[in-house]
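# Structural overview for review
Residue-level listing of the chains:
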Amino acid sequence: MEKQDSNNSSKIQANIITVGNLLRVNNLCIPPYQRPYRWTENNVRQLLEDVQQSMNAGKKNYRIGSVILYNNKKENTLDNTLDIVDGQQRLTTLFLLWKLCGVLEGYSCPLSFGSESYESLKNNYAFIKEWLEENIGNDKKRYITYIFDACDFVKIVVDDLTEAFQMFDSQNGRGKDLEAYNLLKAYHIRAMEMESREEKIRCDKRWEEATQYDPTSKIKVDPNIDILKQLFNEQLYRSRVWSRQESAGEFSKKHIDEFKGFTIDKNHPAMFPYQNPQLLQYLTAKFYDTILSGTAATKNRFEYGDNEHINPFVNVNQQIVNGKDFFDYVETYVEIYKQMFINIGTYQLSEFKEFYYTHCLNYNWNEETYSEIKENRKMDWAFKPSWPAARTGDSYLREAYKSLVFVLFDKFGEKGLNRHYKNLYRLIYSKRLQKSQVRYKYVADLPCEFFKIIVNAKDLADLAEIDKNAAKLSQEDYDATDKINNQTIINFIIGRNHGN
């Protein structure tokens, strides 16, 4: 493809080029404005494994991605360099592979690197060498040949540097940063090679609908909700980290590997013993869907039954299986999140939702007005916090509490939730009474000990530790701050009475 711009005579050329032929281009250059080589071992491993899976699946070719090059014509000379605007990290990794294997004899790497790249170059060179020995072994020649002859790039050459940068922005989110979770959609659709085109479209549609959920359809001016942003930022990512007893900060692009696992299907058998449980789950799910779904009942989370969007075979902290299983995992928790924290006026979990509304979203009531205020949860806008519950510190605590009850419900269903949601609230919101300011960094570690109880519990009896921790709260935990400004709630938190 070649495109000529009549306004400024700028020219764009694009063609498909194999890795081997791209690395043979002897005027490639890393311009000084490019960042240093910073790919981690995880980045390198992902590239090597993706190629390996494609080769083992018998694919004739594998598209690695695109590379954008600026045709930098030197003044007063006939020379030019092709400056790498996008694709530097992948190309550099492939050059390391070439250097290690000596595939392109008679050619020397035209790229030069600054001292800031040296450590990553050295570490990844050693990692690639070890990975090839461990995972490819005697099949190394076939693997390397496949990379250089069967793997390709879309090579885009642009004559105008400004246009090259604009194209780079478009490639990476149309001039604005993509939400971190959106990088996962293409990754997992690409892993669905055994699924039909219709199934891929269905997964894409479900994903996009979750980013534009309309909870207030009767209110035309009310904006839609991006449930995926909420889930990945809070109830999925941070819950998984807290469940490992680690400090959970903000979810970002550097954390997306949390939601990348391995592909299991007939073209991608388990490579290691630890993957066998996921292989069994994959086979069992297929068997259940085709044979048992009408005869063998699974345990529901909701007492009145789970709807069709909730997969009974997933849990928040599971090992991620790439492809359709991942989309089923996400759809399950989109639906549970909606039922727990958005559609709070419905009958499901009504006892919990009444409490959540009056103790997490709206403090503006007293014992006389409680029966009236609790009915407001049935209003379209009820899921939004009211001041002072909408303050930043309260929001941090509310998200930690939501994550705790989310994982509790996921593991023990409605029965477990109804037994312990009040004491989990007391344990988290007692911090609102202890501190005049609740900061994000403080909450990053706060729920770990309570997650540990839930994650390690084998039955409801093991959850008694939650009650024991709550029983230790007393008047001493209240320092006379007026942050909640509702004496009934304060009395409830410190155990003076259990009121409403």
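In case you missed it, the structure is sitting above this.
Keep in mind that what you see is a predicted model, and the values were worked out from it rather than measured.

When helices and strands are counted, the protein shows 19 helices and 6 strands. For the protein, buried positions account for 49% of its 500 residues. Once local pairs closer than 6 in sequence are excluded, the contacts in the protein between residues at least 24 apart make up 72%. Element-wise, carbon and sulfur atoms account for 47% of the exposed surface of the protein, whose accessible area totals about 25300 Å².

Now for the pattern of salt bridges. In total, this model carries 23 salt bridges according to the counting rule given. Ionic pairing is found between D139 and R142, a salt bridge with its closest N-O pair at 2.8 Å. The exposure class of R142 is partly exposed, given its relative accessible area of 41%. Between R240 and E258 there is a salt bridge, with the nearest N and O atoms lying 2.7 Å from each other. Here R240 is found in helix α10 (residues 237–243), whereas its partner E258 is found in the loop between α10 and α11 (276–292), with 18 residues between them in sequence. Here R240 and E258 have matching classes, each one buried.

Within strand β6 (residues 151–158), 7 of the 8 residues are buried, leaving the element largely enclosed by the surrounding structure. As paired strands, strand β2 (residues 11–18) and β6 are joined by 7 bridges and run antiparallel to one another. In the sheet register, I17 faces β6, and the bridge partner there is F153. When strand β4 (residues 62–73) meets β6, the two strands line up parallel, connected through 8 bridges. Within the sheet, the bridge partner assigned to V67 lies in β6 and is K155.

By the definition in use, this model includes 1 cavity of 30 Å³ or more. By volume, the largest cavity amounts to about 40 Å³. Looking at the largest cavity, the residues that line it are L47, L48, V51, I64, T93, L94, L97 and I147. Listing elements by their share of the lining of the largest cavity, those giving two or more residues are α2 (41–56) and α3 (88–101). Considered class by class, the residues forming the lining of the largest cavity number 7 nonpolar, 1 polar and no charged.

What follows deals with the packing of helix α13 (residues 350–361) against helix α15 (residues 392–434). The geometry of α13 relative to α15 is characterised by a closest axis approach of 11 Å and an angle of 15° between their N-to-C directions. Classified by the angle between their axes, α13 and α15 sit roughly parallel to one another. In the crossing of α13 with α15, the sense of the turn from one axis to the other is left-handed. Residues E351, F352, F355, Y356, H359, C360 and L361 of α13 form the contact with α15, whose participating residues are R398, Y401, K402, V405, L417, N418, Y421, K422, Y425 and Y429. In the contact of α13 with α15, the residues fall into 11 nonpolar, 2 polar and 4 charged.

This part takes up the environment of L463. Take L463: it is sitting in the loop between α17 (448–456) and α18 (464–471). We classify L463 as buried; its relative accessible area is 0%. Here the alpha-carbon distance between L463 and F450, two residues 13 residues apart in the chain, equals 9.6 Å. With residues near it in sequence (within four places) discarded, L463 still touches L408, F412, H420, I453, I454 and A457.

In this section: the side chain of T358. Secondary-structure assignment places T358 in helix α13. Residue classification places T358 among the buried positions, given a relative accessible area of 0%. A distance of 2.9 Å separates a polar side-chain atom of T358 from the backbone oxygen of E354. Not counting chain neighbours up to four residues away, the residues in contact with T358 comprise Y363, W365, Y370, I373, K374 and I489.

We now examine α13. Most of α13 sits out of view: 9 of its 12 residues are buried. Taken residue by residue, α13 has F352, K353, F355, Y356, Y357, T358, H359, C360 and L361 as its buried positions. Where α13 is buried, its residues meet α12 (324–342), α14 (370–374), α15 and α19 (487–494).

Take the packing of α12 against α13 next. Between α12 and α13, the shortest axis-to-axis distance is 9 Å and the interhelical angle comes to 60°. It follows that α12 is oblique to α13 by the angle criterion. Contacts between α12 and α13 involve Q339, M340 and F341 from the first element and F352, K353 and Y356 from the second. A class-by-class count of the residues in the contact of α12 with α13 yields 4 nonpolar, 1 polar and 1 charged.

Here is what the cut-offs are and how they apply
Residues numbered from 1 in each chain as written. Predicted model: local features only at pLDDT ≥ 70, side-chain atom pairs only at ≥ 80, totals over all residues. Heavy atoms only, no water. Helix = DSSP H or I, 4+ residues; strand = E, 2+ residues; numbered from the N terminus. Buried < 20%, exposed > 50% of the residue type's maximum accessible area, 1.4 Å probe, protein only. Contact = heavy atoms within 4.5 Å. Areas by Shrake-Rupley, 256 points an atom, 1.4 Å probe, with all protein chains shown as cover. Salt bridge = Lys/Arg side-chain N within 4 Å of Asp/Glu carboxyl O. Pairing = 2+ DSSP bridges. 1 Å grid on protein atoms, 1.4 Å probe; cavity = no way out; pocket = protein on both sides within 12 Å on 5 of 7 lines; lining within 4 Å. Points joined across faces, edges and corners; volume = space filled by probe spheres on them. Nonpolar A, V, L, I, M, F, W, Y, C, P; charged D, E, K, R; others polar. Axes fitted to C-alpha atoms, helices over the stretch in contact; angles between N-to-C directions. Parallel < 35°, antiparallel > 145°, perpendicular 65-115°, else oblique. Left-handed = near helix turned anticlockwise from the far one by under 90°. Polar contact = N/O pair within 3.5 Å; in protein donor to acceptor, adjacent residues only side chain to side chain.

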